[in-house]
Amino acid sequence: MAKLVLDLHDIFNKGDQIEKALRDVIDEAVAKKIDLVEIIPGKGSGQLKKKVLRFLDQKEIKALYHRVDKDSKNFGRLFVHFQHKDKRRKR
């Protein structure tokens, strides 16, 4: 299973860069038919994680992925799962 990782620690206080990084990783996952994107907002106060979840909840973004899971063992990590149409078809 192919996976992309986006660690937001370096840009946690740069709102415009956070949104661009999130959009870029989602677009890359769709373009390359990646199954999983791991997003690491870190633990902190939880504000960055909330910002990431709000971004993922936007209608046009939500249409691109299958589901989001919060890591039960690590509060500072999210998994975005993709189901690509042509991968689901069996020949």
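These notes cover the structure that comes with them. Just so we're clear, the structure is a prediction, and the values are computed from it rather than from any experiment. (Residues numbered from 1 in each chain as written. Predicted model: local features only at pLDDT ≥ 70, side-chain atom pairs only at ≥ 80, totals over all residues. Heavy atoms only, no water.)

### Considering the overall build of the chain
- Helix and strand content of the chain: four helices and four strands.
- In sequence order, the secondary structure elements of the chain are arranged as β-α-β-α-α-β-β-α.
- Taken against the 2.2 N^0.38 rule, which gives 12 Å for 91 residues, the C-alpha radius of gyration of the chain at 13 Å falls within 12% of a compact globule.
- Here the C-alpha coordinates of the chain stretch approximately 45 × 30 × 20 Å along the principal axes.
- Burial statistics for the chain: of 91 residues in total, 38% are counted as buried.
- Contacts spanning at least 24 positions in sequence make up 65% of the contacts within the chain whose residues lie at least 6 apart.
- About 6200 Å² of surface is accessible on the chain, with carbon and sulfur atoms providing 49% of the total.
- Across the chain, the 23 positively charged side chains and the 14 negatively charged ones have centroids separated by 5 Å. (Helix = DSSP H or I, 4+ residues; strand = E, 2+ residues; numbered from the N terminus. Rg over C-alpha atoms; globule rule 2.2 N^0.38 Å. Buried < 20%, exposed > 50% of the residue type's maximum accessible area, 1.4 Å probe, protein only. Contact = heavy atoms within 4.5 Å. Areas by Shrake-Rupley, 256 points an atom, 1.4 Å probe, with all protein chains shown as cover. Lys, Arg positive; Asp, Glu negative; His and termini not counted. Charge placed at Lys NZ, Arg CZ, Asp CG, Glu CD.)

### Some thoughts on the pattern of salt bridges
- Inspection of the entire model under this criterion finds seven salt bridges.
- For Asp 71, the salt bridge is made with Arg 77, and the minimal N-O distance between the two is 2.3 Å.
- Under the relative-accessibility criterion, Asp 71 is labelled buried at 12%.
- A single network of salt bridges, built from pairs that share partners, joins Lys 3, Glu 38, Asp 71 and Arg 77. (Salt bridge = Lys/Arg side-chain N within 4 Å of Asp/Glu carboxyl O.)

### Remarks on the side chain of Lys 49
- Position of Lys 49 among the secondary structure elements: in helix 2 (residues 47-56).
- Here Lys 49 is buried and forms no salt bridge, its nearest opposite-charge partner Asp 71 lying at an N-O distance of 8.8 Å.
- In this structure the side chain of Lys 49 is engaged in a polar contact, spanning 2.9 Å, whose partner is the backbone oxygen of Phe 75.
- The residues touching Lys 49, leaving out its near neighbours within four places in the chain, are Pro 41, Lys 70, Phe 75 and Leu 78. (Polar contact = N/O pair within 3.5 Å; in protein donor to acceptor, adjacent residues only side chain to side chain.)

### A closer look at the packing of aromatic side chains
- Overall, the coordinates contain zero aromatic pairs when judged by the stated rule.
- If you follow Lys 49 out to its NZ or CZ, it ends over the ring of Phe 75, 3.9 Å from the centre. (Phe/Tyr/Trp six-rings, centres within 6.5 Å; stacked < 30°, edge-to-face > 60°. Lys NZ or Arg CZ within 6 Å of the ring centre and 35° of its normal.)

### Focus: the pairing of strand 4 (residues 78-81)
- In strand 4, alternate side chains face the same way, and those of Leu 78 and Val 80 on one face and Phe 79 and His 81 on the other are all buried.
- As judged from the four bridges shared by strand 2 (residues 36-40) and strand 4, these two strands associate in the antiparallel manner. Following the sheet pairing, Val 37 is matched in strand 4 by Val 80. (Pairing = 2+ DSSP bridges.)

### Details of helix 2
- Regarding helix 2, the residues found buried are Leu 48, Lys 49, Val 52, Phe 55 and Leu 56. An end-on view of helix 2 places all buried positions within 120° of arc, on one side of the element.
- Buried residues in helix 2 make contact with helix 1 (15-31), strand 2, helix 3 (59-62), strand 3 (67-70) and strand 4. (Arc of directions from axis to C-beta.)

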